[in-house]
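# Coordinates in review
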Amino acid sequence: MQLVNALPGSPAGPAAGSAEPDDLYGSTLMSLAQVRALVRTVEGGLALRHIAQFFVWTQGSLQQLLPHQLLLCGAYQRSSRELRFEVFNNVPMPSGLDAALCADGAPLSRRLQSDWLTLGEGRPLLLAASDLGLPGYAQLLVHGVSRPQRPSEIESFFALAHSEPLYGPRQALLLELLMPHLHAAWLRVQAAESRRSPPRPVQPAATGDLTARECQVLQGLRQGQSNLEISQALGISALTVKNHVQRILRKLGASNRAHAVARAQHSLPWLNE
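In what follows, the accompanying structure is described. None of these values were measured; they are calculated from a predicted model. (Residues numbered from 1 in each chain as written. Predicted model: local features only at pLDDT ≥ 70, side-chain atom pairs only at ≥ 80, totals over all residues. Heavy atoms only, no water.)

What the chain contains, in helices and strands, is 10 helices and five strands. Classification of the 273 residues of the chain by burial places 41% in the buried group. When contacts within the chain are restricted to residue pairs at least 6 apart in sequence, long-range pairs at least 24 apart make up 60% of them. (Helix = DSSP H or I, 4+ residues; strand = E, 2+ residues; numbered from the N terminus. Buried < 20%, exposed > 50% of the residue type's maximum accessible area, 1.4 Å probe, protein only. Contact = heavy atoms within 4.5 Å.)

This is how it looks when you write it as structure tokens:
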């Protein structure tokens, strides 16, 4: 696992009269061709409104700058209070990888986010696919956008993967330069798609899907306790309680704490004791 955290400074330009290389791995930080590709990528992202347009955009000049065979895109969904992922690929993916990356609460996607926050400290992060148990790929380059002053609250998240070890500090810098545009384009597409196809209502889960700890937290909610009071009673942190509450709301399809208690009362007799 390699952390791309300290990006190199801009090297001196080529000597007078020398040819500037056009390949991504030349001696200069960015060639003229890459600068033009960067401008095309930024301009092209402004017009995106459909998923199909987004995919075509990623396969054009963006590929010239950041070659990838798989692109994982996540956007925060306020209805579920977590990121929802979609994956785009231009070569066949290993069986089951789509679900492993895009299913609700997928451990692999959660680990990528956690590594980015803790190891990368919110900067572009280079990961070895073998460390993640990810077959068919050599490297992943991940980056995202967090809320200002709240780095743990991720608004969008992206992971690029390739079967060849193509990524390094230069690609990390390019991803950082492009991140505002990738973020804006993906959120714009998601918003447009949601207007065309309204999301299906959340179906409440059976209360039997709650864990024992979540049931304990739910009892505290029933008693009107705050997160701090519940944490002191259970011997866990207030942040852990907050996470439990968010999962309870999601599982029960509830909009707030009182709503969650109301949904659970008819099927959990002990809750009224």
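Bringing the pattern of salt bridges into the picture now. Taken as a whole and assessed by the stated rule, the structure comprises 10 salt bridges. A salt bridge links Arg-147 to Glu-155; its shortest N-O distance comes to 4.0 Å. Across the salt bridge formed by Glu-214 and Lys-251, the nearest N and O atoms sit 2.9 Å from each other. Here the residue Glu-214 occupies a position in helix 7 (residues 212–222), and Lys-251 occupies one in helix 9 (residues 238–252), the gap between them amounting to 37 residues. By relative accessible area, which is 2% here, Glu-214 ends up buried. (Salt bridge = Lys/Arg side-chain N within 4 Å of Asp/Glu carboxyl O.)

Bringing the packing of aromatic side chains into the picture now. Across all of its chains, the model carries seven aromatic pairs by this definition. Measuring from ring centre to ring centre gives 6.1 Å for Phe-55 and Phe-88, while their planes differ by 25°; the resulting arrangement is stacked. A residue pair is termed long-range when its members are at least 10 positions apart, and Phe-55 in helix 2 (residues 51–58) and Phe-88 in strand 2 (residues 82–89) qualify at 33 residues. By relative accessible area, Phe-88 is classed as buried at 8%. With a centroid separation of 5.7 Å and 90° between ring planes, the pair formed by Phe-88 and Trp-186 is classed as edge-to-face. Placement of the pair is Phe-88 in strand 2 and Trp-186 in helix 6 (residues 169–196), with a sequence separation of 98 residues. An aromatic cluster is present here, built from Phe-54, Phe-55, Trp-57, Phe-88 and Trp-186 joined pairwise through their rings. (Phe/Tyr/Trp six-rings, centres within 6.5 Å; stacked < 30°, edge-to-face > 60°.)

Glancing now at the state of the cysteines. This structure, assessed with the given rule, holds zero disulfides. Among the cysteines around Cys-73, which has no disulfide bond, Cys-102 carries the closest sulfur, lying 9.2 Å off. A residue is classified by how much of its surface remains accessible, and Cys-102, at 17% relative accessible area, is buried. (Disulfide = S-S within 2.5 Å.)

Our focus in this paragraph is a nonpolar patch on the surface. Together, Leu-32, Val-35 and Val-39 make up a nonpolar patch on the protein surface, roughly 230 Å² of accessible area in all. You can see Leu-32 is positioned in helix 1 (residues 32–45). Given a relative accessible area of 44%, Leu-32 falls into the partly exposed group. (Patch = residues over 30% accessible without salt bridge, like charges linked within 9 Å, V, L, I, M, F, W, Y side chains within 5 Å. Areas by Shrake-Rupley, 256 points an atom, 1.4 Å probe, with all protein chains shown as cover.)

Here the focus is the packing of helix 7 against helix 9. Relative to each other, helix 7 and helix 9 sit at 95°, their axes nearing to 10 Å. In terms of orientation, helix 7 lies roughly perpendicular with respect to helix 9. In contact with Arg-213, Glu-214, Val-217, Leu-218 and Leu-221 of helix 7, helix 9 contributes Val-241, His-244, Val-245, Arg-247, Ile-248 and Lys-251. Among the residues making up the contact of helix 7 with helix 9, the classes are represented as six nonpolar, one polar and four charged. (Axes fitted to C-alpha atoms, helices over the stretch in contact; angles between N-to-C directions. Parallel < 35°, antiparallel > 145°, perpendicular 65-115°, else oblique. Nonpolar A, V, L, I, M, F, W, Y, C, P; charged D, E, K, R; others polar.)

With respect to the element layout, Ala-192 can be found in helix 6. Remark: the alpha-carbon pair of Ala-192 and Ile-51, spanning 141 residues in sequence, is separated by 9.2 Å.

This next bit is on the sheet that holds strand 1 (residues 70–77). Overall, antiparallel pairing links the five strands, which are arranged 2-1-5-4-3 in an open sheet. Of all strands in the sheet, those with a lone pairing partner are strand 2 and strand 3 (125–128), marking the two edges. On average, each strand axis in the sheet is tilted by 25° relative to the strand beside it, whichever way the strands run. Contacts between helix 5 (residues 107–118) and the sheet are confined to strand 1, strand 2, strand 3, strand 4 (139–147) and strand 5 (150–162), with strand 5 contributing the most and set at about 115° to the helix. (Pairing = 2+ DSSP bridges.)

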